[in-house]
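Residues per chain, in single letters:
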Amino acid sequence: MKGKISGYQIRTALKLGLLYLVLFAFAMAFILPFFFLLTGSFKTSSDLFHVPFRWLPSKFTFDNYKQVFTKIPFFRYLKNTLIIVVFNMIGALISNSLIGYGFARLRWPGRDKVFMIVIATMILPYQVTLIPLYIMYTKVKWVGTFLPLIVPGFFGNAFFIFLMRQFLVGIPREITESARIDGANEFRIFWQLIMPISKPVLATVAIMSFMNSWKDFLGPLVFLGSDKLYTLSLAASMLRSNLNPNWELLLALGVVMVLPVLILFFVLQKYFIQGITMSGIKG
Amino acid sequence: MKKRILTAAAVGCALFLTTGLTAMAETKTVHMGDREIEVEVTDIGKSGTFTYWSAFTGDSATWEQERVDAFNEAYADLGISVDVQYVPDGAGINNGKLLSAIAGGTAPDLLITDNPTSAYQYAAEGCFAPLDGILEDIELDVSDFYDGCKDVMYYDGTCYLVPQDTNVIMLYYRPDLAAEAGLDPDNPPTNVEELDAWADALTVQEDDGSYSRFGLIPWLDSGDDAFVLPFIFGADPYLADEGRIDLTSDQMVNYMTWIQSYAKKYDPEKINAFTSGLGGMFSPDHAFMTGKVAMTFTGNWFTEALRQYAPDVEYRVCPVPVPEGGRVKSSSFGCNVFAIPEGTSEEQAELAALYIKFCEQGSVNEDNFAQWRSIPVIDAAFDDVSLTKNGDEIYALEREIAASPENGIPALCAVSAELSTQFQNLRQTLIYNTDLDPAAELKTLEDQMNAML
Amino acid sequence: MEKKKKGFLSEYTGSRMRRNEARTGLLFVLPWIIGFLVFTLYPIGSSLYYSLCNYKVVGAPKFIGLDNYRNLFKDRIFIQACKNTAYMILIGVPVTTLTAIAMSIMLNNKKLRGTSWMRVIFFIPTLVPTVVGCLLWIWVMQPESGLVNTFLGYIGIKGPGWLSSPTWAKPAFILMMIWTCGNAIIIYLAGLQDISPALYDAAEVDGANFLQQSIHISVPLLRPTILYNMVTLIIGVFQWFTEPYIMTEGGPSNATMFYSLYLYQNAFSFFKMGYASAQAWIMLLVAMIIIIVMFKVFRFGETEMG
């Protein structure tokens, strides 16, 4: 009897060990490119291209970072990016929570059909809408300003509406029903009852909207007429010269571009994962 | 009465215009970077500011900014200045930015791009302003430009583009490896048979069938450009007189068959396993620098890459060897071209053209020439370049090649961008499918592209 | 007009409150309706019209009927692009989905400790700006000094040229897709946590092993989650653009010429906006059909409806 138990324990332990090993290997595979990014940004170009691959720089250099900050107007790009990012986050939070609420907790004729249209717009390739939009923005004199990159954010985004709706549908009706019977107007219910308990999904929308505008390349490229308005995602193109890509500088730029997102993620991590968890699943 | 006044006014205007347009040139000393250079300043009796999109980014942007500052300094007294924007990806010519701007009427007054093929297509589509009159007004004489450059300058007899400089393609080879393989480095190959013999002699295959070195990979570097090699090999992909695309000439079919013969000789998958350089030509792991290929076709700019990343590697250059019927000691030109988008007012266009004229000067281009070994678009201008004065051998060879009357820029037509892409695709398909017949495939593409014209 | 409006709301006229609710609902959704009309319907409507035209952006569109659509099916690169995209949907999406499910099932093991930091690690790649991710993967996939081939070298395998090989370029992109599946893992984990442990206990008693439990309990109960993730992935594949644009430009030998990339090339490099618009409309229709079919397949026998 005793032997049998220990055999079982050994098998369980082995299985667990194996599981750890597999997961650990996967985790390593996921994290290694970052290790490469970080170490690469401290390498000289001859180190970087060394065959066989060098795990660590033979000589740490901060030169790449120095060049990133001096060769391009880094802080101006950062400022521009932040302006766009912040307005987009505000716009996304306000508009998508309202719209999501309208789809999730209020009944009106044709609602579910309209929601299907919302889903359908997720599939649209933006390349096709680019030229008509550009012509439209030119007519209202928006090209060359931040407006084309900011204003649409205030009118909802299909993916965020979807997230919001999924989350809000999951909140029990009873929570709002009594307030409604008491005659509270819908906006108050939305603002005072629903929003406070929607923090997770709001955090998710905030991060995702941050990332969308943080990494948007084509939008800034096409709509920002002046290089004084350029954003960080264009920095890579501005940093490489026409023939020489300057790889070591690009890696340093990569680190600088990933860091803010990581910081934001770790700050909001608890809410964020909760937000995705609670909204994505109930299809 | 009324009529007479009008006539008088017209005469007055004409008088004013002629006097106003008589360009006056003077020489000035201005700063460019940390140097002082002599430049010519042309007074056309107008002043103002114009916008300019430059395709130069990164380190090249530093140079462009110096040039812009020099221009603004030179023209400050005349009240003329340029407002430069750096627009990546060839001044937005390939990524939708320029097209959107033209569609929306927000294009700049002037632009420079490193993609002459696409620029030509824009010109053919009517996106750029005709320049003949403007160039005459500001007295920029382009008649001495290399005939090869004129291919890209004129569409349908009208000038739309002006090259700032040009480049030539040569064969780079490693004399140390050649000597090792028992070849004479002083007598590089001059025709395709010799080239093939060199390629075979320089190729090193291991016992397990893998390769540790290739003599030549004909689709590496500039060999990867759509029409550079076919052109030097004698093909004319677009027949301007007949207005049709010709991909089935003997020269073209021979070229493609030749390319395929390399794919048959060496398994292309094996070639891939060690040739994909990260920076194209600008990384220390480039196969030529590491000795994994002994010969390669590329432009004069590669000397700068070698200087930066492989200063110890010994190399030499020679004209691209050609088959029978090829263009001997010749090259296709690769230019950076200026253009003035359609819709720019005449006044702005003339100011913009002054910048073009400014940039054509040897003193302004000197750094560009010295660093990249780019060459002027006029033969006489070579004399003033420091490389010529210093007796640089490669530069002398470039001048010799540039002087060939057979040079040109191939396949420029109203569908040139798509033609290049489709042709490159076809070549890759033939490389990876050696059982396909080049002649038949080329015919299919030719018909498809001609249908679009 | 008034009458019609009444009829329109007739099923809601039961109570005044309901009618109010409908009005408020529309008010809440109003920003989307405006945005949809201005930023989506107008441009997409224009593009429907363009798709029937020879439109070069410069100059007016010229109506040519269905020629663009007809020509597309004669276009070899278009067909290649369709095949490549189909490859990613038929192989890439399932492989990524399976990997994500497998990892989340492993992570969900209650006896395992320290899974929270692993969860974070799996998630981090999704936070990387696309441009940076592409730069990294060009390196990871380098034939000589790249991470993947360095590791393959340690175990005695000479890795392929990945991005420069027509055979291996698409698998390289699939690996990249897996690398960014952290979002899906977190959603699967959430789905798994909803499954009652009693089900597993019962299966354990019946002698079902880990794999059997996964196949017979976890996967079926994850159906809505799988549907959601796969639909997101498929949309992503249709719009797959920045990665091939930066990393391969569609090469080698068109092996990575994906649908959106070719669309972009036609629109902005070849002056064929009409042609590109036709492509966009085909894509829209095909994606809709695929997604509707998937909803039908996954929802079969279920009663709950969005």
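Residues numbered from 1 in each chain as written. Chains lettered and ligands numbered in written order. Predicted model: local features only at pLDDT ≥ 70, side-chain atom pairs only at ≥ 80, totals over all residues. Heavy atoms only, no water.

**Examining the overall build of chain B**
Within chain B, the regular secondary structure consists of 20 helices and 16 strands. The globule rule puts the C-alpha radius of gyration for 453 residues at 22 Å, and the 24 Å found for chain B is close to it. Principal-axis analysis of the C-alpha atoms places the extent of chain B at approximately 95 × 50 × 35 Å. For chain B, with 453 residues in total, the buried portion stands at 59%. For chain B, restricting intrachain contacts to residue pairs at least 6 apart in sequence, the fraction spanning at least 24 positions comes to 74%. Working note: accessible area of chain B is about 16900 Å², and carbon and sulfur atoms make up 49% of it. Each charge class in chain B can be summarised by its mean position, and for the 26 positive and 74 negative side chains these summaries are 3 Å apart. (Helix = DSSP H or I, 4+ residues; strand = E, 2+ residues; numbered from the N terminus. Rg over C-alpha atoms; globule rule 2.2 N^0.38 Å. Buried < 20%, exposed > 50% of the residue type's maximum accessible area, 1.4 Å probe, protein only. Contact = heavy atoms within 4.5 Å. Areas by Shrake-Rupley, 256 points an atom, 1.4 Å probe, with all protein chains shown as cover. Lys, Arg positive; Asp, Glu negative; His and termini not counted. Charge placed at Lys NZ, Arg CZ, Asp CG, Glu CD.)

**A look at the sheet that holds strand β3 (residues 48–54) of chain B**
All names here are of chain B. Taken in spatial order, the five strands of this open sheet run β4-β3-β5-β16-β8, and their pairing is mixed. Where the open sheet ends on each side, the last strands, each with one partner, are β4 (80–86) and β8 (161–167). Taking each pair of neighbouring strands and ignoring which way they run, the sheet shows an average axis angle of 20°. Note that β8 and strand β16 (residues 334–339) share six bridges and pair antiparallel. The partner of L161 across the bridge, within β16, is A339. (Pairing = 2+ DSSP bridges. Axes fitted to C-alpha atoms, helices over the stretch in contact; angles between N-to-C directions.)

**With respect to the domain arrangement of chain A**
Residues and elements named next belong to chain A. By domain assignment, chain A separates into domain 1 (2–40) and domain 2 (70–280). Using only C-alpha atoms to locate each centre, domain 1 and domain 2 end up separated by 37 Å. Facing five residues of domain 1, the contacting portion of domain 2 comprises four residues. Around 390 Å² of area is buried between domain 1 and domain 2 when both sides are counted, 88% of it from carbon and sulfur atoms. Linking domain 1 to domain 2 there are zero salt bridges. Across the domain 1-domain 2 interface, the total number found is zero residue pairs in polar contact (both at pLDDT 80 or more). For the side of domain 1 that touches domain 2, the residue count by class is four nonpolar, one polar and no charged. (Domains from an automatic or database assignment. Buried area = accessible area lost by both parts, 1.4 Å probe. Salt bridge = Lys/Arg side-chain N within 4 Å of Asp/Glu carboxyl O. Polar contact = N/O pair within 3.5 Å; in protein donor to acceptor, adjacent residues only side chain to side chain. Nonpolar A, V, L, I, M, F, W, Y, C, P; charged D, E, K, R; others polar.)

**Observations regarding the domain arrangement of chain B**
All names here are of chain B. Each assigned domain of chain B is listed here: domain 1 (25–166 + 334–402) and domain 2 (169–330 + 415–452). The centre of domain 1, based on its C-alpha atoms, is set 30 Å off from the matching centre of domain 2. Contacts between domain 1 and domain 2 engage 13 residues on the former and 17 residues on the latter. Considering only the side of domain 1, the residues that lose the most area to domain 2 are Q121, W372 and I401, jointly responsible for 40% of the buried surface there. Viewed at the interface, domain 2 and domain 1 are joined by one salt bridge. Ionic pairing is found between K329 and E400, a salt bridge with its closest N-O pair at 2.3 Å. On inspection of domain 1 and its partner domain 2, the count reaches eight residue pairs in polar contact (both at pLDDT 80 or more). Counting residues per element, the side of domain 1 that touches domain 2 draws most heavily on helix α18 (residues 393–402), which supplies five residues. Within the side of domain 1 that touches domain 2, the residues separate by chemical class into five nonpolar, five polar and three charged.

**Some words on helix α4 (residues 76–107) of chain C**
For α4(C), with 32 residues, the first-to-last C-alpha span of 45 Å sits near the 46 Å given by 1.5 Å per residue. Where α4(C) begins, the side chain of D75(C) points an oxygen toward the backbone nitrogen of I77(C), at a separation of 2.9 Å. (Expected span 1.5 Å × (residues − 1).)

**With respect to the pattern of salt bridges**
One pass over the structure, following the stated rule, counts 29 salt bridges over all chains. Each of the salt bridges in this network shares a partner with another, and the network as a whole consists of D379(B), D383(B) and R399(B).

**Considerations on the side chain of N167(B)**
Residue and element names in this part refer to chain B. With respect to the helices, strands and loops of the structure, N167 is situated in strand β8. For N167, a relative accessible area of 11% puts it in the buried group. The contact partners of N167, leaving out residues within four places of it in the chain, are N300, W301, S332, F333, G334, S374 and I375.

**A look at the interface of chain A and chain C**
The interface is formed by 93 residues belonging to chain A together with 95 residues belonging to chain C. A buried area of about 8700 Å², summed over both sides, lies between chain A and chain C, and 81% of it is on carbon and sulfur atoms. On the chain A side of the interface with chain C, the three residues burying the most area are L23(A), F30(A) and I123(A), jointly 9% of the side's total. The interface formed by chain A and chain C includes one salt bridge. Two residues, E21(C) and R107(A), come together in a salt bridge whose shortest N-O distance is 3.4 Å. Taken together, the connections running from chain A to chain C amount to four residue pairs in polar contact (both at pLDDT 80 or more). Only α1 (2–40), α4 (74–104), α5 (111–121), α6 (126–139), α8 (158–169), α10 (186–197), α11 (199–215) and α14 (247–280) of chain A provide two or more residues apiece to the side of chain A that touches chain C. Looking at the side of chain A that touches chain C, the element that brings in the most residues is α1(A), giving 17 residues. Its residues assigned to classes, the side of chain A that touches chain C comprises 74 nonpolar, eleven polar and eight charged.

**Quick notes on the packing of aromatic side chains**
With the rule as written, the count across this model stands at 76 aromatic pairs over all chains. The interplanar angle of 65° and the centroid separation of 5.2 Å between the aromatic rings of W258(B) and Y262(B) together place this pair among those described as edge-to-face. You can see W258(B) and its partner Y262(B) sitting in helix α11 (residues 250–265), four residues apart, about one turn around the helix. Residue classification places W258(B) among the buried residues on the basis of a relative accessible area of 8%. On the basis of relative accessible area, Y262(B) is assigned to the buried category, the value being 0%. The ring of Y262(B) has K265(B) sitting right over it, with the charged end atom 4.1 Å from the ring centre. Taking the ring centre of Y87(C) as reference, the NZ or CZ of K170(C) above it sits at 5.2 Å. (Phe/Tyr/Trp six-rings, centres within 6.5 Å; stacked < 30°, edge-to-face > 60°. Lys NZ or Arg CZ within 6 Å of the ring centre and 35° of its normal.)

**Examining the pairing of β4(B)**
All names here are of chain B. Counting buried positions along β4 yields five of seven residues, so the element is predominantly enclosed. In this sheet, β4 lies alongside β3 in parallel orientation, the contact comprising seven bridges. When the sheet's bridge partners are listed, T51 is paired in β4 with D83. A crossover connection joins β3 to the parallel β4 through helix α2 (residues 59–74); in handedness this β-α-β unit is right-handed. (Right-handed = clockwise from strand over helix to strand, strands pointing away.)

**Some details on α10(A)**
Between its first and last C-alpha atoms α10(A) spans 16 Å; for twelve residues at 1.5 Å apiece the expected length is 16 Å, and the two agree. In this structure, the buried side of α10(A) is in contact with α4, α8, α9 (174–181) and α11 of chain A together with α2 (16–51) of chain C. A distance of 2.9 Å separates the backbone nitrogen of F187(A) from a side-chain oxygen at the start of α10(A), and that oxygen is part of N185(A).

**Looking at the pairing of strand β5 (residues 110–113) of chain B**
All names here are of chain B. Here β5 shows no split at all, with L110 and I112 on one side and L111 and T113 on the other all buried. Taken together, the three bridges between β3 and β5 define a ladder with parallel strand orientation. Bridge pairing in β5 links Y52 to L110.

**Considering the interface of chain B and chain A**
Listed as interface residues are 31 residues of chain B and, on the opposing side, 28 residues of chain A. Counting each side, the surface lost to burial between chain B and chain A is near 2500 Å², with a carbon and sulfur contribution of 57%. Here K71(A) ties to D59(B) by a salt bridge, and the two come within 2.6 Å at their closest N and O atoms. Inspection of the chain B/chain A interface yields eight residue pairs in polar contact (both at pLDDT 80 or more). Elements supplying a minimum of two residues to the side of chain B that touches chain A: α2, β4, α4 (97–104) and α14 (302–309) of chain B. In terms of residue count, α4(B) provides more of the side of chain B that touches chain A than any other element does, five residues in total. Of the residues that constitute the side of chain B that touches chain A, the class distribution is 15 nonpolar, eleven polar and five charged.

**Here we look at the sheet that holds strand β10 (residues 204–205) of chain B**
Residue and element names in this part refer to chain B. If you walk across this open sheet you meet the five strands as β10-β11-β14-β9-β15, and the pairing is mixed. Two strands close off the open sheet at either side, each with one partner strand: β10 and β15 (316–318). When β10 meets strand β11 (residues 211–216), the two strands line up antiparallel, connected through two bridges. Its bridge partner being in β11, V204 is matched across the sheet by R213. Relative to the sheet, α18 contacts β9 (169–173) and β15, its axis offset from that of β9 by approximately 140°.

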